[in-house]
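What the coordinates show
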Amino acid sequence: MRTIRRNDRGGAVAEIRAVLRVLDLLPASTAVTDAAGEPEFDEHTELAVRAFQQSRGLSVDGLVSEETWRALDAARWRLGARTLYQSVPDPLIGDDVRQLQERLLEMGYDVGRADAIYGPRTARAVATFQREVGLAPDGACGPQTMNALRRLGRKVVGGAPLALREIAKLHGSGRALVDKTIVIDPGHGGTDPGVTVPDGLLRWTEADLAFDLARRLEGRLGAAGMRVHLTRGPAPERELTDRQRAHLANELGGDLFISLHIDGHRNPEAHGVATYHYGTESGVTSTVGERLAGLVQREIVMRTGLHNCQTHAKTWELLRLTRMPAVRVEVGYLTSPADREKLIDPLFRDRVVEAIMAAVQRMYYPVEDDVPTGSIDVSSIRATIGAEAVSAPAP
Ligand SMILES: [Zn+2]
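Parameters and conventions
Residues numbered from 1 in each chain as written. Predicted model: local features only at pLDDT ≥ 70, side-chain atom pairs only at ≥ 80, totals over all residues. Heavy atoms only, no water. Donors = N, O, S within 2.8 Å, 3.2 Å for Na, K, Ca; no water. Helix = DSSP H or I, 4+ residues; strand = E, 2+ residues; numbered from the N terminus. Buried < 20%, exposed > 50% of the residue type's maximum accessible area, 1.4 Å probe, protein only. Axes fitted to C-alpha atoms, helices over the stretch in contact; angles between N-to-C directions. Parallel < 35°, antiparallel > 145°, perpendicular 65-115°, else oblique. Contact = heavy atoms within 4.5 Å. Nonpolar A, V, L, I, M, F, W, Y, C, P; charged D, E, K, R; others polar. Core = buried A, V, L, I, M, F, W, Y, C linked by side-chain atoms within 4.5 Å. Pairing = 2+ DSSP bridges. Expected span 1.5 Å × (residues − 1). Salt bridge = Lys/Arg side-chain N within 4 Å of Asp/Glu carboxyl O.

This part is about the coordination of the zinc ion. Donor atoms from the polypeptide that bind the zinc ion are His188 (NE2), Glu206 (OE) and His261 (ND1), placed at 2.0 to 2.1 Å. The sequence motif formed by the donor residues of the zinc ion is H-x17-E-x54-H. A residue pair is termed long-range when its members are at least 10 positions apart, and Glu206 in helix H8 (residues 206-223) and His261 in strand E5 (residues 256-263) qualify at 55 residues. Accessibility assignment for this pair places Glu206 and His261 in one class, buried.

Below, the structure written as structure tokens:
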């Protein structure tokens, strides 16, 4: 599909406007047709597209590219409007699938992440639900299953909802970092040094620098009152797989997960910082993970001056299997002489750590109270928490 943009006309524009109306982003009173009676991609449409992109964490450009179209297409479905089933090879994707997954999670069924994809795990959870309410366990969600969900959905709240993990944990948790658990994952280690660059008699390795960053971060966040766990020590006997790291983070009950890496490339010109969160190319994403990635990325860029290589959605096991907002940061390129010179400076690494601290703190601000990037004085985080504790009402 070609990109649809401002002043375009025709059937595709009509479809886009129809979806935006379903989503209440476009008031019905704004119908605009050109002289030939065709719908026009007018300024209201563009504003609505921008609002939609912002709500989905897409880049906000007001253009309906293929990526934005796929997200719009998925968003138009309301739970109950179609039968959901495990379709192979192309699974059904949509907001209705996400609503179903969230409802099942609320009721204590294990669908994994509410990722809006009707995969085998969702089908199994539906089948389990069907069996328990006396329906044929075909794993598809049609009218009968919907009725059962409507009957039971409200009553059975209070299980251990996995998906609400992300949003509820965050929003119910207040601003203080005290009593939050963060899992910091220094990449590589053991027999795997990661990116390695010789420097005279010295040898810089990604594993060592990532561990140094993790240690500094551990100290600072620990001082701010967080419970901090590292996934490995400075010289582990064997390296952990990404799957093991994710399981470890889950076992530790992490509220946030940050994996630290330093990139490398054959071309010494490659440089800059990039942050990755869970998501697929079709726009399915971990909203909270994406927010954490955006904050980490922006704070590091602003506070260190590293080149901005943006945030990206990935389906890596590390990000997919972790049950908390999770990001992986590639803090510069060890193979870039300019980045390397910065990275081997401990003061620079402290600035990276302060940037990540500011991002972690901002995760616990309600979005409407968020502050500009670079504005948090990380040395005051501890002081603020102390003041809150003192001013708490006496029992
Ligand atoms: Zn790495």
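Let's pick the thread back up.
The geometry of helix H2 (residues 43-56) relative to helix H3 (residues 66-75) is characterised by a closest axis approach of 11 Å and an angle of 85° between their N-to-C directions. With respect to H3, the axis of H2 lies roughly perpendicular. Along the contact surface, H2 presents Val49, Phe52, Gln53 and Arg56, while H3 presents Thr68, Ala71, Leu72 and Ala75. Looking at the contact of H2 with H3, its residues break down into five nonpolar, two polar and one charged.

A few words on the nonpolar core. Within the largest apolar cluster, 47 residues are counted, with the highest numbers of intra-cluster contacts made by Leu260 and Val360. Taken together, the elements giving at least two residues each to this core come down to strand E1 (181-186), H8, strand E4 (227-230), E5, helix H10 (287-304), strand E8 (326-333) and helix H13 (346-363). With 10 residues, H13 is the largest single contributor of residues to this core.

Extensive coverage of E5 is indicated by the burial of eight of its eight residues. Neither face of E5 is left uncovered, since the one carrying Leu256, Ile258, Leu260 and Ile262 and the one carrying Phe257, Ser259, His261 and Asp263 both have all their residues buried. In this sheet, E5 lies alongside E1 in parallel orientation, the contact comprising five bridges. Bridge assignment links Asp185 to a residue of E5, and that residue is Ser259.

So, about helix H5 (residues 120-132). Here H5 is 13 residues long and its end C-alpha atoms lie 18 Å apart, about the 18 Å a rise of 1.5 Å per residue gives. Turning to H5, its buried residues number three or more, namely Thr122, Ala123, Ala125, Val126, Ala127, Phe129 and Gln130. Gly134 occupies a position one or two residues after H5 and carries a positive phi of about 85°.

Bringing the sheet that holds E4 into the picture now. With respect to topology, six strands assemble into an open sheet ordered E4-E1-E5-E8-E6-E7, the strand pairing being mixed. Only two strands of the sheet have a single partner each, and these edge strands are E4 and strand E7 (308-314). On average, each strand axis in the sheet is inclined to that of its neighbour by 20°, with strand direction left out of account. The sheet contact formed by E1 and E4 spans four bridges and is parallel. Opposite Val183, over in E4, you have His229 as the bridge partner.

Taken as a whole and judged by the stated rule, the model has 21 salt bridges. Among the salt bridges present, the one from Arg215 reaches Glu218, with a minimum N-O distance of 3.0 Å. Placement of the pair is Arg215 and Glu218 together in helix H8, with a separation of three residues, close to one helical turn. On the basis of relative accessibility, which here comes to 42%, the residue Arg215 falls in the partly exposed class. The closest approach of N and O atoms between Arg216 and Asp350, which form a salt bridge, is 3.3 Å. Placement of Arg216 in helix H8 and of Asp350 in helix H13 is noted, with a sequence separation of 134 residues between them. With relative accessibility at 23%, the residue Arg216 sits in the partly exposed group.

Keep in mind these numbers describe shape, not what the thing actually does.
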